[in-house]
Amino acid sequence: MPDADPPAVEPLARRAFPARIGVLGAAVGAGGLLTRSLLNPADAATNQLLPPAVDLIRPVLAELARDTLNGLTVFAMPGPDAYSRTQGTPSPTPGAMESGATDFMINALDHFVPFPDAIAQPVGAALVTGLADSGLADTGLALPGLSVLPVELRTLDRALAAYLQSDETLPLSFPIAGLLNLMATQVNPLAVNGPHLSPFARLTYAEKAAAFELIERTDSDLVALLDVHFPEPLKASVSGLLKFVGGALLEFATFGAYSEYGVFDKETKALRMRPVSWSLTGYQPDGPVEGWDDFIGYYQGRKEVHD
Amino acid sequence: MRDVIVIGAGGGGPVVAKELAAKGLDVLLLEAGPRHAKPRDEWTTFEDDANNPLTGYFRPGPSDRSKPAWFREWPQNSFVWQLSGVGGTTQHFYGNYPRAYPGVFQGYDGADRNEYDVNHRFPFTYAEMVPYFEWVEATMPVMTAAMGHKEQTFFRGAETLGLPVQTTKTTLGPSYRPQENAILQPGGTAGKTSDKNLLNYPQATGCTFCGYCFQGCMRPNGAPRNQFAKRSTDNSYVPMALTANVWARGGRPIELITDAYVTRVHAERRHGVLTATGVTWRDNNSGAEHREDARVVVMSGGCTENPRLWFNSGLPNPNGWVGRGYTDHFFDWLIGSFDDSTGNPKGVGSSARLDFPPYGGLENVGLPPALSAFAGTLSDSGIRGQYGNGRGKTGPWDGPAGRVMGPELKELMAGGIDKLMTVLVITDDDVEPDNRVTLSALPADENGPIPKVTFKHRQRTARTVRNREFMARKAAELLRGAGAKKVYRIDWAPLILHVQSSMRMGASEQNSVVNPRGETRAVKRLFVADNSALSNALGGPNPTLTSQALATRTAEKIFATYFGGDPWVRSESPVVSTDPRVSVRLGQLGL
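Conventions we followed
- The residue numbers shown here count from 1 along each chain, following its written sequence.
- Throughout, the order in which chains and ligands are written sets their labels, letters from A for the former and numbers from 1 for the latter.
- Since the coordinates come from a predicted model, pLDDT governs what is reported: local features require at least 70, and pairs of side-chain atoms require 80 or more to be given and counted, while whole-chain, interface and lining totals use all residues.
- Side-chain numbers come from the whole structure's heavy atoms, not from hydrogens or water.
- Counting from the N terminus, the helices are DSSP H or I runs at least four residues long and the strands are E runs at least two residues long.
- A simple rule labels every residue: compare its accessible area, found with a 1.4 Å probe on the protein chains alone, to the largest value its type can have, and call it buried under 20%, exposed over 50%, or partly exposed in between.
- In this analysis, two residues are considered to be in contact whenever any of their non-hydrogen atoms come within 4.5 Å of each other.
- Only the protein chains shown count as cover for residues, and the accessible areas themselves come from Shrake-Rupley with a 1.4 Å probe.
- Defined here as a combined quantity, buried area equals the accessible surface (1.4 Å probe) lost by two parts on assembly, summed across both.
- Here, a salt bridge means any side-chain nitrogen of Lys or Arg that lies within 4 Å of a carboxyl oxygen of Asp or Glu.
- Note on residue classes: Ala, Val, Leu, Ile, Met, Phe, Trp, Tyr, Cys and Pro are nonpolar, Asp, Glu, Lys and Arg are charged, and everything else, Gly too, is polar.
- We call a set of buried Ala, Val, Leu, Ile, Met, Phe, Trp, Tyr and Cys residues a nonpolar core when their side-chain atoms join them within 4.5 Å.
- The rule for pairing is simple: two strands pair if DSSP sees at least two bridges between them.
- For helices, the axis comes from a line fit to the C-alpha atoms of the stretch in contact; other axes are also lines fit to C-alpha atoms, and the angle between any two N-to-C directions lies between 0 and 180 degrees.
- Note on angle classes: values under 35 degrees are labelled roughly parallel, values over 145 roughly antiparallel, values of 65 to 115 roughly perpendicular, and the remainder oblique.
- Two helices crossing with the near one rotated counterclockwise from the far one by less than a right angle form a left-handed crossing, whereas a clockwise rotation gives a right-handed crossing.
- Each residue after the first adds 1.5 Å to the expected span of a helix.
- Each aromatic pair joins two rings of Phe, Tyr and Trp (for Trp, the six-membered one) with centres within 6.5 Å, and gets the label stacked for planes under 30 degrees apart, edge-to-face for over 60, and tilted for any other angle.
- pLDDT measures how confident the predictor is about each residue, on a scale from 0 to 100.

**Side note on the overall build of chain A**
Check the secondary structure of chain A and you find 15 helices and 2 strands. Every one of the 307 residues in chain A was classed for burial, and the buried ones make up 56%. The long-range share in chain A, meaning contacts at least 24 apart out of those at least 6 apart in sequence, stands at 68%. As displayed, chain A offers around 12,700 Å² of accessible surface, 56% of which is attributable to carbon and sulfur atoms.

As structure tokens, then:
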């Protein structure tokens, strides 16, 4: 494996990248979540940045991830909420937001996907810095508004890098959100600005589909670029994993939206109320059963067969 | 020193354990996952609680559900539906017990003999297998499935295809029929009432038509474990193995240890021959390692775990076939939308099928909402109306194949879950060396390097692709014939749930891991007895019966070869797994 120095960082590209993955909007946009102390140069000068910066950046990334996953779950099951309206497919009956599908995704991704941190960390790092260095983000130079990015971004960028280099376990929802937001800005560069916190949540239904088309594409540029940062045989594994992730996000978000997750009481193993999908589909109108009166006989009256 | 250690209490291991326990051998059965001894306390009827592959009680993972599931690498859009726990994947199966098609066995001389996976046939004849089929069919017992409204809907469609009804156990040609299934058919009030107060055992016996096969069978309420309707091995073979002293003369109950993850098979050279000597397992809860020796070791961990264990044990792989030749029936999925109720999803998950040798088969499948929605979005063809991911085939279904997603899915589901009927396309797929299990380059877990399951699903053989397209068209025609107003083809990404042949038995030393007796070619006293030992994809029939018949045959070979005993299948009569002596003894054991 060649051990050449990483390519020199182009400052503007590095600044563009947090915008592309949505961190900028979450941190300093309208209702920005990044505490002022992190952005305050005086504080930055007196603090070591680590570990406090890690603590400061975590809630920012968590809110960004939640917003992004809201955009995903309404893609799976739209409802009467604002995200579904932004997507352009509002629906009068309850959908993913009402069924708790975003919590389902975050819980699963952050606590139960036994995804090796040894992979999640470098993927996350690649999403934050690697791609910025790789040239994929160069188109960001043309993004509207980037020429006036606040100087504080350099600090934000460092905080992100610090988080990824720390020993903190990376919640998988962070790099997943980063991936979706990066793809969002690929299909619609204007998604760096707008309602909600995340570029992905700002997309129309067709644009979200286009983002998944990019992730699923067999030899996507994204896959190739990310692979640069892994030696073989990990290279092929990461490439394959991303293809898997593209499909799994759609399938798992849909499963969660149509499941009883949001109303299931783990202690009593009972439902607190009727699941959204049960009302939608008419599934077992009187709740769980021991059986149904659906036995209508044997086909052609035949109860056994022999050779 | 045990006589036999069996690794894995899924669909295959308990068969060997029960058969050899009946012969008085000292058998240790090790299961990596949970015991599930008290299903009424542990299980529900809910899809996420049961079937979430990360957090559900039916997942590949330890008993402690606060701990993550076991991670496996799938380097493509796919889903490998593994389960740990006593019963393995039979815990969520539908109990379908069709026999393998005769055309996949050595010596078949039918007119279509050249149309099967001719390079990977079973190394013995169908006639030799029949007594083992019959033994398992009698043990379970296998019966002709009762019919609910969703079966009636399926048959209405099948009747339009110009095919005969199969009235034999053996599939002789294209035909349709009720499933032959390992379900106790409804008795008493079962299937005749929805009043739960009237559905307690023994007022109700057999299948109550609850529709929860995929969440685990624990009905009728109050029945002994071996009288639950669905004959998953936790309800059939395992209870028999634990009580072998009461129903078999000279029988000896097995010892079952759960949360016991086998990390290594030990072997040493004896008289110049590499010979299995025992295993090491790790306790999921304490992390403690245990080692025990045995005269014979049987691998029954499944198509994904057996190769992993082989590699992690450092066992030789001279022809390179360990983990290769993995078959999955290259499933596809069609959804029909109806104006009237189809009966979905009441009753056994699937009680009707259509067989079409040498192409494969079809079966109806009933699913609750979340699994239905999941099944509608698992695709290799993008999102209908948005992108096709380079595929998106058109045909006798409506529009291009692909995910039914978002607003379209919601509209479909809002029409009513009982207005849908789904058909599973089961392809007779070829054994292909590049569809395989290897060790992953990703970090190891507590049990060692993890398996990687690779399917080159866009490079399947021409025969496999032809078979799948043929059966997908038949499925669409069947749904139209049944009255579907709209038919969707999903073009599933690999849903690896019927698994076969990754440690395949074969006549040739060049392309098999297991010899025709079930013993591994590379290591003496090491046998494989589960779906992974199957020689091929069986032509398409669901694999459990054939796998258990082969495991029964392998148990005989073990007994005859290493314990000086005689085979019994041709000379004795099987005891049925519902035997009241088993029930009484389970009660005494608090099971």
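So much for the structure itself; the text now carries on.
**Thoughts on the overall build of chain B**
Along its length, chain B carries 13 helices and 21 strands. Out of the 591 residues in chain B, the part that is buried amounts to 71%. Only carbon and sulfur atoms are counted for the fraction: they give 49% of the accessible area of chain B, which is about 16,900 Å².

**A few points about the interface of chain B and chain A**
Listed as interface residues are 90 residues of chain B and, on the opposing side, 75 residues of chain A. Together chain B and chain A conceal approximately 7,000 Å² of surface at their shared face, both sides included; 63% is due to carbon and sulfur atoms. One can count 5 salt bridges joining chain B with chain A. Those elements that place two or more of their residues in the side of chain B that touches chain A are helix H2 (39-42), helix H3 (47-51), helix H5 (149-158), strand S5 (175-178), helix H9 (369-377) and helix H10 (406-414) of chain B. Each residue belonging to the side of chain B that touches chain A can be placed in one class, and the counts come to 41 nonpolar, 28 polar and 21 charged.

**Observations regarding the nonpolar core**
Membership of the largest hydrophobic core comes to 108 residues, with the highest contact counts inside it found for Leu72(A), Phe212(A), Tyr258(A), Tyr326(B), Trp333(B) and Trp492(B). It is helix H14 (residues 234-257) of chain A that provides the largest number of residues to this core, a total of 10 residues. Apart from the residues within four sequence positions on either side, Trp492(B) is in contact with Phe331(B), Asp332(B), Trp333(B), Ala375(B), Leu378(B), Ser379(B), Asp380(B), Leu424(B) and Arg468(B). Within the second largest apolar cluster, 88 residues are counted, among which are Leu29(B), Val297(B), Val431(B) and Leu545(B).

**Here we look at the side chain of Gln215(B)**
Residue and element names in this part refer to chain B. You can see Gln215 is positioned in the loop between strand S8 (204-205) and helix H6 (237-242). The exposure class assigned to Gln215 is buried, which follows from its relative accessible area of 1%. Those residues in contact with Gln215, other than ones at most four positions away along the chain, are Trp43, Thr44, Thr45, Phe46, Glu47, Ala50, Asn51, Tyr57, Phe58, Pro368 and Leu371.

**Comments concerning the sheet that holds S5(B)**
All names here are of chain B. Pairing in this open sheet of 6 strands is antiparallel, and the strands run S5-S14-S15-S16-S13-S19 from one edge to the other. Of all the strands in the sheet, the pair left with one neighbour each is S5 and strand S19 (486-489). Averaged over all pairs of adjacent strands, the angle between strand axes in this sheet comes to 20°, irrespective of strand direction. Taken together, the 4 bridges between S5 and strand S14 (residues 352-356) define a ladder with antiparallel strand orientation. The residue of S14 that forms the bridge with Tyr176 is Leu354. The strands that helix H11 (residues 462-482) touches are strand S13 (332-337), S14, strand S15 (360-365), strand S16 (420-427) and S19; relative to S16, the one it contacts most, it runs at about 155°.

**Re the packing of helix H11 (residues 173-187) of chain A against helix H12 (residues 205-216) of chain A**
Residues and elements named next belong to chain A. At a minimum axis distance of 9 Å, the contact between H11 and H12 shows a crossing angle of 110°. One element, H11, and the other, H12, form an angle in the roughly perpendicular class. Note that H11 runs across H12; the crossing there is right-handed. Listed contacts from H12 to Leu179, Leu180, Met183, Gln186 and Val187 of H11 are Glu207, Ala210, Ala211, Phe212, Leu214 and Ile215. Considering only residue class, the contact of H11 with H12 consists of 9 nonpolar, 1 polar and 1 charged.

**Re helix H8 (residues 101-112) of chain A**
Given a rise of 1.5 Å per residue, 12 residues ought to cover 16 Å, and the 15 Å separating the end C-alpha atoms of H8(A) matches this to within 8%. Buried within H8(A) we find Ala101(A), Thr102(A), Phe104(A), Met105(A), Ile106(A), Ala108(A), Leu109(A) and Phe112(A).

**Observations concerning the pairing of S15(B)**
All names here are of chain B. Counted residue by residue, S15 has 6 buried out of 6 residues, so it is predominantly covered. Alternating positions in S15 separate into two faces, Gly360, Leu362 and Asn364 on one and Gly361, Glu363 and Val365 on the other, with burial throughout. Pairing geometry for S14 and S15, over 4 bridges, is antiparallel. The partner of Phe356 across the bridge, within S15, is Gly360. Where S14 hands over to S15, the hairpin turn is made up of 3 residues, counted between the paired strands. Both S15 and S16 contribute to a ladder of 6 bridges, which runs antiparallel. By the bridge assignment, Leu362 is partnered in S16 with Val425.

**Here we look at the packing of aromatic side chains**
Using the criterion set out here, one finds 43 aromatic pairs over all chains in the structure. Seen from their ring centres, Phe75(A) and Tyr205(A) are 4.6 Å apart, and the 40° between their planes marks the pair as tilted. Linking Phe75(A) in helix H5 (residues 52-76) with Tyr205(A) in helix H12, this pair joins segments that are 130 residues apart in sequence. For Phe75(A), a relative accessible area of 0% gives the class buried. We classify Tyr205(A) as buried; its relative accessible area is 10%. Between the aromatic rings of Trp333(B) and Trp492(B), the centroid separation amounts to 4.6 Å while the plane-to-plane angle is 10°, which identifies the pairing as stacked. Placement of Trp333(B) in strand S13 and of Trp492(B) in the loop between S19 and strand S20 (495-496) is noted, with a sequence separation of 159 residues between them. In this structure, Trp333(B) and Trp492(B) share a single accessibility class: buried. Feature note: the residues Phe104(A), Phe244(A), Phe252(A), Phe255(A), Tyr261(A), Trp74(B), Phe79(B), Trp81(B), Tyr94(B), Phe214(B) and Phe374(B) constitute an aromatic cluster, connected by ring pairs.

**Overview of the pattern of salt bridges**
All names here are of chain B. Summed over all chains, the structure comprises 49 salt bridges over all chains. In this structure, Asp234 and Arg225 form a salt bridge, with 2.7 Å as the shortest nitrogen-oxygen distance. The two residues Asp234 and Arg225 agree in class, both being buried. The partner of Arg458 in a salt bridge is Asp380, with the nearest N and O atoms 2.8 Å apart.

**Structural notes on the confidence of the model for chain A**
Residues shown with low pLDDT carry predicted positions that ought not to be read at fine detail. Residue and element names in this part refer to chain A. Residues at a pLDDT of 70 or more form 57% of chain A, whose mean pLDDT is 75. Confidence drops under a pLDDT of 50 for residues 35-45, and excluding neighbours within four residues, the segment shows 12 contacts in the predicted structure. Residue range residues 130-154 is modelled with pLDDT below 50. Its contacts to residues more than four positions away, or to other chains, number 46 contacts.

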